[in-house]
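Chain and residue survey
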Amino acid sequence: MEIKSTPANPLRSRKGCLVIGSHERQQGTETLSALDGAGNGELERILRRSGFRPEIGKTLHIHSSIGGASDSVLVVGCGGDGDGIGPADFRRICAAAARALKGAGVQSAAWCLSEIEVDGLDAAARTCVAIEELDIADYRYEHTLAKTRRRYSTIKRIDIHVPSGAKRGRIDEGIATGQAIAAGRTLARDLGNLPGNICTPEYLATTARDLAKRHPKVHARILDEARIERLKMNAFLAVARGSREAPRFVVLEYRGASASKAPIALIGKGITFDSGGISIKPAGAMDEMKFDMCGAASVIGTIEACARLSLPLNIVAIVPACENLPGGKAIKPGDIVTSMSGRTVEILNTDAEGRLILCDAITWAKSLEPEVIIDVATLTGACVVALGAHASGLFSNHQPLADALLRAGQDSGDRAWQMPLWPEYEKQLKSRFADVANIGGSKAGAVTAASFLSIFARQERWAHLDIAGTAWKSGKEKGATGRPVGLLCRYLIDRACQVRNQAPKARSEAAKGEKSGKRVVTTAAKRKSASSKHKAAKDA
Ligand code: BES
Ligand code: MN
Ligand code: ZN
C-alpha cells in the first residue's frame, strides 16, 4: 500500500474513491459540503434517497462520480454534529471506512477523514490512526496459500488529504508513525498465523536475526539448549524437554539510547505449540494452540516498530521459545524443578507451562537491570472467561507502570483492564513439596498465574499482560490480531516523549521521578527507586 499526503484539493482527484465523513448535520465536514456544492446538491439528494444515517461505523458507497470528482464516493458516518467525537469513535470510523474500501475492492482512494475534529487528537495523530486501520483491514495471511490465491485484491494507493489548517509535515509524521506501528503489527500477525510446524523456536530466532540485519540499531542474540542449561533455566528446559524441537532463548535488543540508559524489557511467551503436555488438552480447537506464541510475536513486532520509529530508548525483547508436547522426556505432574532463581517449583499440571518458561525469562531479565519488565503471554483460559476478547488482563506490582499501560491501551484502542494481585491469591500456590506450585486451583486462574510470575519479579517494576483473549480470533475470522503491539508501541512512544522532554541536566532527577510515577509517589515506590541503583541493593 503506497500512502502519500497531498495538499491538493480532494475534489480534483479524478481517479479512485473519495472517502469523506458525514455528520448527522450534513454540513458537518468540509469536503462533504464542498463536494455537494460541486455536484449542485446531487450528493445531498443521493444521501436523502438512500436513507443513509451517518451513525458511527455506517458507510455508503456511491458508485458514481459526483461533480466530476473521483470514480466513486465513500460516505462514512461520523455521528454527532461535528464536535465531541472521542478517539475510540474515530478509530471505529476509520476502521469502518477501511473495511468498506477493502470490501469493495477499491485500489486507490483519496482519504479526507483527517479533517474530522477529534478530542485530544491532532491531525498527525488522526492520520496515524487512519494508516493503522487501513493496514489492519488490508491485511491478509497468505504464506501457506497456493500462489493463485495470493494477493487477489489489495488497496494499492491512498492519498491523505491535508486538512485546512494542518501542516503537511505533521501529516507525513502521522503517516510514518502509522506505517511503523502497522509493520510491527503485521509481523506479529504473520508470526502468530504461521502453523506450528513452520513457526518453530528456531523460526522465531531466524526472524529475530533477520530483523537485526535489516535495522542497524537492532541486535539479536540466540541462546541454544546448551547455553540455556548452563544458565540453569531448568523450569524453561523442563517444558522444552517433551519435544524433539530444540528450544531457543531469543534476545532482541533495540539500542536507541546511550548504553548507560537502563533498557525496557519486554518478555514474550513463545510456546510455538501447546498440546498441554502430559496433562494433555482436549482435541477440539487444539489447532489454536499454535497461537500460544503470540506474546513472543508481539514483542518482536514491537521491536520492528520501534526501530522504524527510531525511538530514543533502549528496548530488549526476550523470548523463551519451545513446544509443549507429551514426549518420553516430558515433565510429569508431580515433578519438581529448580528454576533459575533457585526456587523449586512443583509441576502439578504440565499445561500451566507458560509461567514455567516465563519465570526463568524474568529471572534472566533482572540481570539487565531494566527500567521496567513487561511480560506478554497467552497465559490462561481463565483470563478469556474474565475479560473476553475486548481487553487484555493487566497485572502489576507498580501502579505507575500499570497506569501508563492502561492509558496506552485506551489511547491505542488496544485496551487492557487491571486485575488484582493481592497476597491472598498467592497463598493458593502453596506446595507441600516445593517452594511453589505451578497451579493455584480452579478459582481465579488468571490471577494465580500472574501471582506465580510476581514471585519471580519481586524488587522489579513489573507488569504482566495476559493476552489469551485478545491475541487471536476464533471461528470464521480465525487469525492473529497483532495485539498488544498497538498498546506497547503507544506506551513506548509516550515514554520516548517523556525522555525527549526532559532537560538534559535534569534528566537523572526526572528519570527517578518518572520511575516512581510522578503522579502518586508511594513510599514503596520511593524505596524502590532508591534501591534500584545497584543490583546488589536489589538482591539484598
Ligand atoms: N496457552 C494456554 C492458555 C490458553 C488456553 C489461552 C485457552 C487461550 C485459550 C496455557 O498454557 C494453559 O494451558 N493454561 C491453563 C492453565 C491451567 C492448567 C491452570 C488453562 O488456562 O487452562
Ligand atoms: Mn498450556
Ligand atoms: Zn500455553
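Everything here concerns the structure above.
What you see is a predicted model; the values in this text were computed from it and never measured. (Residues numbered from 1 in each chain as written. Chains lettered and ligands numbered in written order. Predicted model: local features only at pLDDT ≥ 70, side-chain atom pairs only at ≥ 80, totals over all residues. Heavy atoms only, no water.)

**So, the overall build of the protein**
Just so we agree on the cut-off: Strands are runs of DSSP state E lasting at least 2 residues, helices are runs of H or I lasting at least 4, and numbering of each runs from the N terminus. This radius of gyration counts C-alpha atoms alone. The globule rule is 2.2 Å times how many residues there are, raised to the power 0.38. Note on contacts: a residue pair qualifies if any of its non-hydrogen atoms lie within 4.5 Å across the two residues.
Helices and strands together make up the secondary structure of the protein, namely 18 helices and 20 strands. Computed over its C-alpha atoms, the radius of gyration of the protein comes to 25 Å, within 12% of the 24 Å expected for a compact globule of 540 residues. With respect to the principal axes defined by its C-alpha atoms, the protein has extents near 80 × 55 × 45 Å. Within the protein, residue pairs in contact and separated by at least 24 positions form 75% of the contacts whose partners lie at least 6 positions apart.

**Remarks on the coordination of the zinc ion (ligand 3)**
Quick note on the threshold: Because no water is among the atoms considered, metal sites can look incomplete, with donors defined as N, O and S atoms within 2.8 Å of the metal, or 3.2 Å for Na, K and Ca. Irregular is the label for any site that misses the other tests, which are tetrahedral for four donors with all angles between 85 and 135 degrees, and square planar for four donors or octahedral for six when opposite donors exceed 155 degrees and the remaining angles lie between 65 and 115. Each residue is placed in one exposure class: buried if its accessible area under a 1.4 Å probe, protein chains only, is under 20% of its type's maximum, exposed if it is over 50%, and partly exposed if it falls in between.
Every protein donor of the zinc ion (ligand 3) is listed here as Lys269 (NZ), Asp274 (OD), Asp292 (OD) and Glu353 (OE), and their distances to the metal cover 2.0 to 2.4 Å. Of note is the zinc ion (ligand 3), whose six donor atoms meet at the metal with angles of 78 to 174° in an arrangement that counts as octahedral. Motif for the zinc ion (ligand 3), donor spacing along one chain: K-x4-D-x17-D-x60-E. A spacing of 3.2 Å is found between the zinc ion (ligand 3) and the manganese ion (ligand 2), which share aspartate 274 as a donor. With lysine 269 in the loop between strand 9 (264-268) and strand 10 (270-274) and glutamate 353 in the loop between strand 13 (344-347) and helix 10 (354-366), the pair connects residues that are 84 residues apart, well separated along the chain. Each member of the pair, lysine 269 together with glutamate 353, is buried.

**Re helix 9 (residues 294-309)**
Along an α-helix, residues three or four positions apart point the same way, because every turn accommodates 3.6 residues. Our working definition: For a helix, the expected span equals 1.5 Å multiplied by the residue count minus one.
Between its first and last C-alpha, helix 9 extends 22 Å over 16 residues, near the 22 Å set by a 1.5 Å rise per residue. Along helix 9, 15 of the 16 residues are buried, which leaves the element largely enclosed by surrounding structure. Immediately downstream of helix 9, the backbone of serine 310 shows phi near 55°, a positive value.

**Some points on the sheet that holds strand 1 (residues 2-6)**
Formally: Paired strands are those between which DSSP finds at least two bridges. Interaxial angle, 0 to 180 degrees, is taken between N-to-C directions of lines fitted to C-alpha atoms, where a helix line uses only the stretch in contact.
Sheet architecture is open: six strands sit in the order 1-6-5-2-4-3, paired in mixed fashion. Looking along the sheet, the strands with just one partner apiece sit at the ends: strand 1 and strand 3 (59-62). Pairwise comparison of adjacent strand axes, ignoring direction, gives a mean angle of 20° for this sheet. Taken strand by strand, helix 2 (residues 42-50) contacts strand 2 (17-22), strand 3 and strand 4 (72-77), and its axis lies near 125° from that of strand 3. Sitting on the sheet, helix 4 (residues 123-138) is in contact with strand 1, strand 5 (108-111) and strand 6 (157-161), with an inclination near 165° to strand 6.

**Focus: empty space enclosed by the protein**
What counts, and what does not: Buriedness of a pocket was judged along seven lines, with at least five required to meet protein on both sides within 12 Å; pockets are open sets of points on a 1 Å grid over the protein atoms alone, cavities are sets where a 1.4 Å probe fits but cannot get out, and lining residues have an atom within 4 Å of a point. Grid points are joined across faces, edges and corners, and a volume is the space filled by probe spheres set on the points. Per the annotation, domain bounds derive from an automatic or database assignment of domains. As a working rule, the residues Ala, Val, Leu, Ile, Met, Phe, Trp, Tyr, Cys and Pro are called nonpolar, Asp, Glu, Lys and Arg charged, and the rest polar, with Gly in that last group.
Taken as a whole and assessed by the stated rule, the structure comprises two cavities of 30 Å³ or more. In this structure, the largest cavity is lined by Pro87, Ala88, Arg91, Leu121, Val129, Gln410, Asp411, Ser412 and Gly413. Of all the secondary structure elements, the ones that give two or more residues to the lining of the largest cavity are helix 3 (87-103) and helix 12 (399-412). When we break the lining of the largest cavity down by domain, the ones giving at least three residues each are domain 1 (2-164) and domain 2 (183-496). Lining the second largest cavity, in full, are Ala188, Cys294, Ala297, Ser298, Ala471, Ala480, Gly482 and Arg483. Counting residues per element, the lining of the second largest cavity draws most heavily on helix 9, at three residues. Residues belonging to the lining of the second largest cavity are distributed by class as follows: five nonpolar, two polar and one charged.

**Describing the layout of surface pockets**
Put simply, the largest pocket is a space of about 1,500 Å³. Those elements giving two or more residues to the lining of the largest pocket turn out to be helix 3, helix 4, helix 5 (168-193), strand 19 (472-473) and strand 20 (479-480). By residue number, the principal contributor to the lining of the largest pocket is helix 3, which donates eight residues. Per-class residue counts for the lining of the largest pocket are 13 nonpolar, 13 polar and 17 charged. Three or more residues apiece are contributed to the lining of the largest pocket by two domains, here domain 1 (2-164) and domain 2 (183-496).

**Looking at the site of ligand 1**
How we decide: Throughout this document, a residue counts as near a molecule or strand when at least one of its heavy atoms sits within 4 Å of that molecule or strand. Whenever two N or O atoms come within 3.5 Å, that pair is a polar contact, provided that in protein one can donate a hydrogen and the other can accept it, and provided that, for residues adjacent in sequence, both atoms are side-chain atoms. Each accessible area is a Shrake-Rupley result for a 1.4 Å probe, and residues are judged covered by the shown protein chains and nothing else.
Near ligand 1 there are 16 residues, and of these Lys281, Asp292, Asp351, Glu353 and Gly381 occur at the shortest range. Contact distances for ligand 1 include 2.9 Å between an oxygen atom and a side-chain N or O atom of aspartate 274. With respect to ligand 1, the side chain of lysine 281 contributes an N or O atom lying 2.8 Å from an oxygen atom. Compared with its free state, where it exposes 520 Å², ligand 1 has 76% of that area covered by protein.

**Observations regarding the coordination of the manganese ion (ligand 2)**
Around the manganese ion (ligand 2), the protein contributes the donor atoms Asp274 (OD), Asp351 (O), Asp351 (OD) and Glu353 (OE), at 2.0 to 2.2 Å from the metal centre. Around the manganese ion (ligand 2) sit six donor atoms; with metal-centred angles ranging over 69 to 167°, the donor geometry is irregular. Read in sequence order, the donor residues for the manganese ion (ligand 2) give the motif D-x76-D-x1-E. In this structure aspartate 274 comes out as buried when scored by relative accessible area, which is 2%.

**Quick look at the pattern of salt bridges**
Basically, it comes down to this: Counted as salt bridges are all cases of a side-chain nitrogen of Lys or Arg within 4 Å of a carboxyl oxygen of Asp or Glu.
On inspection of all chains with the given rule, the structure shows 33 salt bridges. For glutamate 304, the salt bridge goes to arginine 214, with nearest N and O atoms at 2.8 Å. Pair noted here: glutamate 304 is in helix 9 and arginine 214 is in helix 6 (residues 201-214), with a separation of 90 residues, a long-range link. One connected set of salt bridges, linked through shared partners, spans Glu2, Lys4, Arg157 and Asp159.

**Details of the packing of aromatic side chains**
Aromatic ring pairs are described here by two measures, namely the spacing of the ring centres and the angle between the planes. Stated formally: Each Phe, Tyr or Trp ring (for Trp, its six-membered ring) is paired with any other whose centre lies within 6.5 Å, and the angle between the two planes then decides the class: stacked below 30 degrees, edge-to-face above 60, tilted in between.
By the definition in use, this model includes five aromatic pairs. Seen in terms of ring centroids, phenylalanine 291 and tryptophan 472 are 5.1 Å apart; in terms of plane orientation they differ by 15°. Their pairing is stacked. Of this pair, phenylalanine 291 sits in the loop between strand 10 and helix 9 while tryptophan 472 sits in strand 19, placing them 181 residues apart in sequence. The pair formed by phenylalanine 291 and tryptophan 472 is uniform in burial state, with each residue classed as buried.

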